Amino acid sequence: MTRLAIVSAMHEELAAVLALMAGAQQHRVAGREFAVGKLHGHEVVVVLSRIGKVAAATTATVLLERFGISQMLFTGVAGGLAAQARVGDVVVATEFLQHDMDAAPLFPTYEVPLYGLSHFKTDAALTAELELAAETVLQRGLLDASTLHAFGMQQAQTHQAQTHRGLILSGDRFVSTRAESQRLQQALPEALAVEMEGAAVAQVCHDFGVPFAALRTISDRADDDAHADFLKFVERVASRYSAAILAQFFTHRAR
Ligand code: SAH
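First things first, this report covers the structure right here in the doc.

Quick notes on the rules
- Residues numbered from 1 in each chain as written.
- Predicted model: local features only at pLDDT ≥ 70, side-chain atom pairs only at ≥ 80, totals over all residues.
- Heavy atoms only, no water.
- Near = heavy atom within 4 Å.
- Polar contact = N/O pair within 3.5 Å; in protein donor to acceptor, adjacent residues only side chain to side chain.
- Areas by Shrake-Rupley, 256 points an atom, 1.4 Å probe, with all protein chains shown as cover.
- Helix = DSSP H or I, 4+ residues; strand = E, 2+ residues; numbered from the N terminus.
- Nonpolar A, V, L, I, M, F, W, Y, C, P; charged D, E, K, R; others polar.
- Buried < 20%, exposed > 50% of the residue type's maximum accessible area, 1.4 Å probe, protein only.
- Axes fitted to C-alpha atoms, helices over the stretch in contact; angles between N-to-C directions.
- Left-handed = near helix turned anticlockwise from the far one by under 90°.
- Contact = heavy atoms within 4.5 Å.

Another point: the site of the ligand. Taken together, 19 residues surround the ligand, and among them Val175, Met196, Glu197, Asp220 and His227 come closest. In this structure, a nitrogen atom belonging to the ligand sits 3.3 Å away from a main-chain N or O atom of Gly79. Within the side chain of Glu197, a nitrogen or oxygen atom sits 2.6 Å from an oxygen atom of the ligand. Considered on its own, the ligand offers 560 Å² of accessible surface; in the complex 85% of this is hidden by protein. Sorting the residues of the shell around the ligand by element identifies strand E5 (71-80), strand E9 (191-195), strand E10 (212-220) and helix H7 (226-236) as the ones contributing at least two each. Its residues placed into classes, the shell around the ligand shows 11 nonpolar, 3 polar and 5 charged.

This part covers the side chain of Glu195. By secondary structure assignment, the location of Glu195 is in strand E9. Overall, Glu195 belongs to the buried group, its relative accessible area being 4%. A polar atom in the side chain of Glu195 sits 2.9 Å from the backbone nitrogen of Glu197.

Cis geometry marks the peptide bond from Ala104 to Pro105; its omega dihedral reads 5°. Residue placement: Pro105 occurs in the loop between strand E6 (90-98) and strand E7 (119-121).

On to the packing of helix H2 (residues 53-66) against helix H6 (residues 198-208), then. Here H2 crosses H6 at 30°, and the two axes come no closer than 8 Å. When you trace H2 past H6, the crossing you get is right-handed. Here H2 contributes Lys53, Ala56, Ala57, Ala60, Thr61, Leu64 and Glu65 to the contact with H6, which in turn contributes Ala200, Val201, Val204 and Phe208.

Shown next, in the form of structure tokens:
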């Protein structure tokens, strides 16, 4: 039977899902609370990883070693890098790269030493499931521009939220200046968004041979306004996205 892990970095990103897990068995390992139970009739383990690559890698490893999960999902928020990745949009990851990995001149910049890899791919089938769920939710207008506007997301008022798929960058930096965001875009023009955990989870899942998929809602544009936008978004909107998209995701799944 499939046992799916659902991971977010921060409570705000997963609050509505965690509320549904209130009756689940709680296990405390490495300072994290793992909720083991059923979500929409499916066996899951839900956990907050905390922020950053090391915290995410530790959490992913515990999920794989202690909880025997067979698939891993990450849901959270990210800063938009590509012009089309606007606040309120959803990016489904096809691959991850650590933008702060640089062992040059010993290894090419971004390559994880001894892996011969800089890009870690997500699982195609699981990613397709997640993308379909996100598209369905956004198209249904459940989280449309007026909803976002009602939550105070001014940037979102003029466009219908969209789903994108592609490369997401991870690093141990909250990207919050236009200068840094532009540097990343110039160095890695195909990158859609930037966050702080996904590439670490992707690498751990690669090591264990377990399918991984991830989605990120754009909370900010990784620019000079990023901090204010991020705080508003996580407080008001982020967990609605995760809850709605996961509910949709499970309606398509065989039990
Ligand atoms: N709670 C702290 C730090 C949040 S770090 C604060 O209030 O500032 C930002 C979190 O959201 C990380 O988990 C990261 O994955 C994601 N994220 C959102 N926007 C980001 C950005 N512009 N740069 C990097 N990470 C971002």
